[in-house]
Amino acid sequence: NNIERMEGATLLAIESIARPKQKNKPLSREEMEARNKLEAEAAAEEVKMILGWLWDFRRLIISLPTNKFIAWSRDVKEIIARGMTQAKELERNLGRFTHLGVVMRQVHHFLSLIRELQVRAKNRRSIKITEEC
């Protein structure tokens, strides 16, 4: 049965990476922490949270969890509405957009303007957001 084989393959991978130390093996290994948690999270599922993203393997969709989507989009809308921002706020949002680049590589192309704006904002209290940004 493919489902049973797939579940077994994940556990086999975990075991081969984190198997207990054996006296007759020349390679030293550190003990695996949270083995039970890892085995539970490695089970086959249609929807799984991986690195902060919601992966739906049946529909082939990768999405942000609702709470992150609401918080991130609210922050961006507030910056645009105010027309100005600070270096720390730009740094936080730049980190979020870089996180977005994990699943959408094209995002990195557009981050250079935000990085440039952040560098200029470091020496100021706040910086104005213009149409060129």
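Read on for a plain summary of the structure. (Residues numbered from 1 in each chain as written. Predicted model: local features only at pLDDT ≥ 70, side-chain atom pairs only at ≥ 80, totals over all residues. Heavy atoms only, no water.)

Let us now look at the environment of leucine 64. Turning to its location among the elements, leucine 64 is positioned in the loop between β3 (61-63) and α3 (66-82). Sequence-wise, leucine 64 and glycine 52 are 12 residues apart; in three dimensions their C-alpha atoms are separated by 7.3 Å. Setting aside anything within four residues of it in sequence, one finds leucine 64 in contact with Gly52, Trp53, Phe69 and Trp72. (Helix = DSSP H or I, 4+ residues; strand = E, 2+ residues; numbered from the N terminus. Contact = heavy atoms within 4.5 Å.)

This part is about α3. The end-to-end C-alpha distance of α3, which contains 17 residues, comes to 24 Å, matching closely the 24 Å that a straight helix rising 1.5 Å per residue would cover. On the buried face of α3, the contacting elements are β4 (84-85) and α4 (87-100). One or two positions beyond α3, positive phi appears at glycine 83, with a value near 80°. (Expected span 1.5 Å × (residues − 1).)

So, about the side chain of aspartate 56. Note that aspartate 56 resides in strand β2 (residues 53-56). Separated by 3.2 Å, the side chain of aspartate 56 and the backbone nitrogen of arginine 58 make a polar contact. Excluding residues that lie within four positions of it along the chain, aspartate 56 makes contacts with Glu46, Val47 and Ile61. (Polar contact = N/O pair within 3.5 Å; in protein donor to acceptor, adjacent residues only side chain to side chain.)

Counted according to the given criterion, the structure contains 1 aromatic pair. Look at tryptophan 55 and phenylalanine 57: their rings are 6.2 Å apart centre to centre, the planes differ by 25°, and that puts the pair in the stacked class. (Phe/Tyr/Trp six-rings, centres within 6.5 Å; stacked < 30°, edge-to-face > 60°.)

As a further point, take the pairing of strand β1 (residues 47-50). With 4 bridges joining them, β1 and β2 adopt antiparallel strand pairing. The partner of methionine 49 across the bridge, within β2, is leucine 54. Remark: 2 residues form the turn of the hairpin made by β1 and β2, two consecutive strands paired antiparallel; leucine 51 in that turn has positive phi of roughly 50°. (Pairing = 2+ DSSP bridges.)

All right, on to the packing of α4 against helix α5 (residues 107-121) then. Following both chains from N to C, one finds α4 and α5 inclined at 165°, their axes separated by 9 Å at the closest point. The orientation of α4 relative to α5 falls into the category roughly antiparallel. Both α4 and α5 take part in a crossing whose hand is left-handed. Where α4 approaches α5, its residues Ala87, Leu90, Glu91, Leu94, Phe97, Thr98 and Leu100 are matched on the opposing element by Val107, His108, Leu111, Ile114, Arg115, Leu117, Gln118 and Ala121. Among the residues forming the contact of α4 with α5, the class breakdown is 10 nonpolar, 3 polar and 2 charged. (Axes fitted to C-alpha atoms, helices over the stretch in contact; angles between N-to-C directions. Parallel < 35°, antiparallel > 145°, perpendicular 65-115°, else oblique. Left-handed = near helix turned anticlockwise from the far one by under 90°. Nonpolar A, V, L, I, M, F, W, Y, C, P; charged D, E, K, R; others polar.)

With 14 residues, α4 should reach 20 Å at 1.5 Å per residue; the first-to-last C-alpha distance of 20 Å fits that figure. Regarding α4, the residues found buried are Ala87, Glu89, Leu90, Asn93, Leu94 and Arg96. Those residues of α4 that are buried are in contact with α3, β4, α5 and β5 (127-128). (Buried < 20%, exposed > 50% of the residue type's maximum accessible area, 1.4 Å probe, protein only.)

Within the open sheet, the 3 strands sit side by side as β1-β2-β3. Their pairing is antiparallel. The open sheet has two free edges, formed respectively by β1 and β3, since each of these has just one partner strand. Sheet twist, expressed as the average angle between the axes of neighbouring strands with direction ignored, equals 20°. Pairing analysis gives 3 bridges linking β2 to β3, with the strands arranged antiparallel. Note on β3: the bridge partner recorded for aspartate 56 is isoleucine 61.

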